[in-house]
2 protein chains.
Amino acid sequence: MAKRRAATRTTRAGLPLIVLSTEPGLTLQDRIRRAVREAVEAGTLPAGSRMPSSRVLAGQLGVARNTVVLALQTLLDDGVLSARARSGLYVAEDGGTPVPRLETIGGPSEANPHQAWRGRFRSAEIERSAFRLPPDWQRYPFPLLTAQFDRSLFPVREWREAQRHALSVREMDRLTGSAGEADDPLLIEQIRTRILPRRGVSARPEEILVTAGAQQALFLATELLAGPSTHAVVEEPGNPDMRRLLARRGAKLQLQPVDEAGLVVNAGLSRADIVYVSPSHQRPTAATMSMPRRRALLDSARENDFLIIEDDFECETHYLDRAYPAIAGMQTDGRVIYVASLSRILAPALRLGFMVAPPEMIEAARRLRTLVSRHPPLNNQRAAALFLSLGHYDAVMRRLSRVLRLRLLALRDALNHYLPQWVAIPPIREGTTYCVQGPPDLDSAALLNEAAARGVLIEPLDDYFGRADPPRNMFRVGVTSIEKDRIREGVARLSEAVRALTMDVSAALPADGAGSLRGPALRKAMRGATLLCRTVYGDPCTIELAPDGAMSGRAGADGEDIDTGRWWVEGDLWCRQWTSWAYGEVSRLRVRITGDRIEWFRPEGGSLVDAGVLARTD
Amino acid sequence: MAKRRAATRTTRAGLPLIVLSTEPGLTLQDRIRRAVREAVEAGTLPAGSRMPSSRVLAGQLGVARNTVVLALQTLLDDGVLSARARSGLYVAEDGGTPVPRLETIGGPSEANPHQAWRGRFRSAEIERSAFRLPPDWQRYPFPLLTAQFDRSLFPVREWREAQRHALSVREMDRLTGSAGEADDPLLIEQIRTRILPRRGVSARPEEILVTAGAQQALFLATELLAGPSTHAVVEEPGNPDMRRLLARRGAKLQLQPVDEAGLVVNAGLSRADIVYVSPSHQRPTAATMSMPRRRALLDSARENDFLIIEDDFECETHYLDRAYPAIAGMQTDGRVIYVASLSRILAPALRLGFMVAPPEMIEAARRLRTLVSRHPPLNNQRAAALFLSLGHYDAVMRRLSRVLRLRLLALRDALNHYLPQWVAIPPIREGTTYCVQGPPDLDSAALLNEAAARGVLIEPLDDYFGRADPPRNMFRVGVTSIEKDRIREGVARLSEAVRALTMDVSAALPADGAGSLRGPALRKAMRGATLLCRTVYGDPCTIELAPDGAMSGRAGADGEDIDTGRWWVEGDLWCRQWTSWAYGEVSRLRVRITGDRIEWFRPEGGSLVDAGVLARTD
């Protein structure tokens, strides 16, 4: 025993140092293989030299001998090591450097290399939003973002399971066999039978093309349909990348306004060749296009003979009982290219989407896709197909809807509480985001920085506007990346940032509170009053103040949101406390009444908090 | 016991039929989940109905109860089933159809749907080769193809291992977190340190962009660098998709000839703005560009101020001791965009490639890539990076080189034996393919069919030619998809197909053998003769016929390929047998000598087999 130890120590002392990497995700065997390989490549284990025995190596590395034996066997299979009869393992003569390492004669990083390129490429054509998320955005405590995904919502277990199936021997055979233009037939079938029926769309297999995300589908559509003579109508505000894709083709762009029912359909569409629309949740406003508007758009398409590119953005976050069907499912004459993404269900990084269109269009798009990038990776197509066929789609849809809906409600409550005088446009009750319009003097770029300094990330909206002078006082807050319980604090910090930037002096009360109601007058004015307000998300809100200090409120488009509370007066401050609204907390405010207008102010600083109409006083 | 059985039977009789799918690749648990889900969706298990107990289900399905319990638990998690206290599992009220299935109002497949689309899209711009592999090409016994991959060469085990690592929790987190423009830094690092040094190229991370296969890299380069005012030089014959990409941009195309040293560099390049070149293995000829030619091209680029797009096609199949460095590694002024694929090492279906260029170009290409398809899927990028970092790249390279080299030698021997009078151009000794030029009257399209009828697949070459009248008598045979031992039989069958199509009457001997040498005269003419031939692959071959019947041969560019054998005369036929050449088999041939030209003919039918020069007779 003592002897063996000594021998080991001696050998160990003479051994080249083999250091196991600590990179996670690797098995011990992998680490050994990698370490040996790197030692060979570095010359630490010279070609032709004898390898230490597995026992010695196991001792040196402090791992089980079996593990070392298996690792060495693989290195032997790979030709890194070679075996000599009765003599053990050696580093192969050509093991470390089978293909000669070439001496670098020059290379792009040498000398004055880029002169040749100056002005050669048309990069200026592709403008990019000035706004870019910080790369470490996930480390911010309050990412009030949309489109960025929440890892906690990703169906890790289900996806891993689908991937494992896709790694079966039989599936791997498929991978190596195919190199054609075709998509995975199983994925096409799953899209056809599981996803499209939920959107009211029926399609034959030859009417579906899998794409590298919805973005590639939009690219293929614009390349095939738009040119310098094309009159293209896009939403304003709208998807900036769609504007850029059309601009690349030299198309004439018409910026058509958006309201709470989606793209405005009017005589402005009469000259259109193509109309791009995101009816499920308009980008960026999240407005859902109403059914009458959808029908009007289809009528206009027939009348004016244009085609519709329907971007079914965030179709999976319908919270209402009944989703509207996609426009592609309402048409009778095949004028719609339907584009959707699987990224929300799977993960943005997997880049899978699809296009539904008449077979001629799909055939043309398939040819173009082949020319520019062949097909989206078949291993991911198959894994997605298995994921869908195992029924995970419905389950994840349900989970997403439930979680995101609760988050959106939390956001709406927080905005209402902390930024009540601001306007969320248009009023929405679906999707994952609110567009917020601040006071005219707000500079959203400054707010972005001010908020980020407080750990809050928001998204500016100027890139969504095609017009030359986008409003600078708008931004977007979203809930795809933040837990429900963190939303309130995030919005509270955002409102601090807002206050730090926008001191609307004209709207503020003087420091001494001059103009606001005092003690008894205040109590008298409020007793029995009915207050008509609007919530920040655009719904009407009626508050009744009973003479006995009881308070009841009713909000929502159908008055479906009700609450009760108490109100009272403390000195010159009007106080209120709801049971659940405004987090059930006590608010103390100064009140000014001018005619039938009632305004609330913060006691400290005197800034305007909210305003409404005093409908009736007893 | 008897009672329990009876109860089971009764319940079983009343059970809706749940049929497990037999689709491979699914675990038993998955099958149960899918079957229950389908039964719910089909209404066989109505919403709200009570589920049979796990014991009963296990009995019905003939599986372990534990398996059923786990499957039911997942269905419960997914909301397909719901649990009621002390009462068991029920089909959830909304379990089967959580999102309402919309009635299809219309859809692309209705009525007369495509009228709206006629003439709207520019599909005609994307021509496509008339040749398409049969979809079931893998079932042909002799696929003499290149570019199609051989599943037996795919590193299934290694790739599956890398994918498994990429599915670790930590890696999955990355997937859901990122949605930016960036590639996987680990893959960039592996390309930079493992692949590029072998090609003599050094690059910084910001000089590398991962692409959806080499094809997307070529697309990005042409989009950024070519326009109507661009004078673009391409190889003739050459990559047809490159011509199409340039044509899309409206570039002026110049078809520059290719010889055995690759693209011809001459004054024809003086007007070039861009030159596309595939120096490792020219597509389709597989010619490797010589070092002097590479230097001349770089000199010409400087002199004429053009950029080079270097497609390092099949760089992994260098069989020589020392590969030439990529042109990108020889430059001193950064004029080269280097494009390569990882598909040969991984699998074509995974679609990964990359581009190396100056940072400004990479930045522009990244923007464009983002606009057209975002980034290649990060799960595959990470799996590829792990695959490389575990050292599999070198191992697979070595295996590929070894196998493909032996196959190419087998193909060359077979062509030499069965189609000796044909010409393989240019003479090559690397790559995976021979271009073959048949007699002028050969119609390669007809040969394709004739060969396919014999189970042999070959590839026509006309699509590789940009000129209006591509030669019809050329085709390509390759070895990426056929086992070495099947190559001889494949070529033998191909030569049958050739003979069935091309009876070159003018070259044939008359049926009575008139004009050929007879018995003693034949022996006299051959005794002591030296014959100068060319092999089908273009190398010189010298055969010496000793008076005593011994025979020695020397072939190859440096005479490195030698063999010995016996020759003799049987009646009016000259007979020979090599030790290893011509498979060591006996050949019996008629001989005609005209001046110093010697021709061999098949005794049956009299068709020409081969010809040479009679250098000297004793």
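Because the structure is predicted, anything quoted here is derived from the model rather than measured. (Residues numbered from 1 in each chain as written. Chains lettered and ligands numbered in written order. Predicted model: local features only at pLDDT ≥ 70, side-chain atom pairs only at ≥ 80, totals over all residues. Heavy atoms only, no water.)

S.K.: Requested: an account of empty space enclosed by the protein, with residues and values cited.
M.R.: A full pass over the atoms with the stated rule returns 11 cavities of 30 Å³ or more. Looking at the largest cavity, its volume works out to about 140 Å³. Taken together, 17 residues line the largest cavity, and the ones lying closest to its centre are Ala212 and Pro377 of chain A together with Ala212, Ser373 and Pro377 of chain B. (1 Å grid on protein atoms, 1.4 Å probe; cavity = no way out; pocket = protein on both sides within 12 Å on 5 of 7 lines; lining within 4 Å. Points joined across faces, edges and corners; volume = space filled by probe spheres on them.)

S.K.: Describe the pairing of strand β18 (residues 540–545) of chain B, with residues and values.
M.R.: Every regular strand shows the same layout, with side chains that alternate between the two sheet faces. All names here are of chain B. Only one face of β18 is covered, namely the face carrying Cys541, Ile543 and Leu545; the face carrying Pro540, Thr542 and Glu544 is uncovered. By the bridge criterion, five bridges tie strand β17 (residues 530–534) to β18 in an arrangement that is antiparallel. Within β18, the residue paired with Leu532 across the bridge is Thr542. Judged from the five bridges that link them, β18 and strand β19 (residues 550–555) form a sheet pairing that is antiparallel. Considered in β19, the bridge of Glu544 is made with Ser552. (Buried < 20%, exposed > 50% of the residue type's maximum accessible area, 1.4 Å probe, protein only. Helix = DSSP H or I, 4+ residues; strand = E, 2+ residues; numbered from the N terminus. Pairing = 2+ DSSP bridges.)

S.K.: Before we move on, can you summarise the nonpolar core with the specific residues and values?
M.R.: If you look at the biggest cluster of nonpolar residues, it comprises 87 residues, and the most contacted ones within it are Leu297, Phe354, Leu411 and Val477 of chain B. Of all the elements, helix α14 (residues 392–418) of chain B adds the most residues to this core, at 11 residues. Both domains that furnish three or more residues to this core are identified here as domain 2 (185–378) and domain 3 (402–504) of chain B. Dropping the residues within four chain positions of it, Phe354 of chain B is found in contact with Ile191, Ile195, Leu196, Ile208, Leu209, Val210, Thr211, Ala217, Tyr338, Val339, Ala340 and Leu342 of chain B. In this structure, Val210, Ala347, Leu352 and Val479 of chain A belong to the second largest nonpolar core, which totals 86 residues. (Core = buried A, V, L, I, M, F, W, Y, C linked by side-chain atoms within 4.5 Å. Domains from an automatic or database assignment. Contact = heavy atoms within 4.5 Å.)

S.K.: Account for the pattern of salt bridges, with residues named and values stated.
M.R.: Residues and elements named next belong to chain A. All told, the structure shown has 70 salt bridges over all chains when counted by the stated rule. In this structure, Arg244 engages Asp463 in a salt bridge whose closest nitrogen and oxygen atoms are separated by 2.6 Å. One end of the pair, Arg244, is in helix α9 (residues 240–248); the other, Asp463, is in the loop between β15 (459–460) and β16 (474–478), with 219 residues separating them in the sequence. The pair formed by Arg244 and Asp463 is uniform in burial state, with each residue classed as buried. When the shortest N-O distance is used, the salt bridge between Arg488 and Glu585 registers 2.6 Å. (Salt bridge = Lys/Arg side-chain N within 4 Å of Asp/Glu carboxyl O.)

S.K.: Lay out the sheet that holds strand β8 (residues 274–277) of chain A in plain terms, naming residues and giving numbers.
M.R.: Taken in spatial order, the eight strands line up as β4-β11-β10-β9-β8-β5-β6-β7 (chain A) in an open sheet, and their pairing is mixed. Here the strands that pair on one side only, and so sit at the sheet edges, are β4 (208–211) and β7 (262–263) of chain A.

S.K.: Break down the environment of Leu144 of chain B for me, with residues and values.
M.R.: Residues and elements named next belong to chain B. Mapped onto the fold, Leu144 is located in the loop between β3 (142–143) and α5 (156–166). Residue Leu144 is classed as buried on the basis of its relative accessible area, which comes to 0%. Separated by 106 residues in sequence, Leu144 and Gly250 have C-alpha atoms that sit 36 Å apart. What Leu144 contacts, discounting residues up to four positions off in sequence, is Leu411, Val456, Leu457, Ile458, Arg476, Val477, Gly478, Ile482, Gly490 and Val491.

S.K.: Summarise the domain arrangement of chain A; cite the residues concerned and give the values.
M.R.: Where interface size is quoted, it is often the accessible area lost as the parts come together. Per the domain assignment, the segments of chain A are domain 1 (7–91), domain 2 (185–378), domain 3 (402–504) and domain 4 (519–616). Centre-to-centre, using C-alpha coordinates, domain 2 of chain A lies 45 Å away from domain 4 of chain A.

S.K.: Hey, could you go over helix α9 (residues 240–248) of chain B for me, with residue numbers and the actual values?
M.R.: Residues and elements named next belong to chain B. Of all nine residues in α9, eight are buried, a share of seventy percent or more. Three or more residues of α9 are buried, namely Pro240, Asp241, Met242, Arg243, Arg244, Leu245, Leu246 and Arg248. Of the residues flanking the start of α9, the one acting as N-cap is Asn239, its side-chain oxygen 3.0 Å from the backbone nitrogen of Asp241. Just downstream of α9 lies Gly250, where phi reads positive at about 75 degrees. (Polar contact = N/O pair within 3.5 Å; in protein donor to acceptor, adjacent residues only side chain to side chain.)

S.K.: Can you explain unusual backbone geometry? Please cite residues and give values.
M.R.: Generally, phi is negative for residues other than glycine and the peptide bonds are trans, each holding for most cases. Residues and elements named next belong to chain A. Look at the link from Glu236 to Pro237: it is a cis peptide, with omega at 0 degrees. On the secondary structure map, Pro237 appears in the loop between β5 (231–236) and α9. The omega angle of the peptide bond from Arg283 to Pro284 is 10 degrees, so this bond is cis rather than trans. One non-glycine residue, Arg351, lies in the positive phi region at around 55 degrees. Among the residues examined, Arg351 registers a relative accessible area of 9% and is labelled buried.

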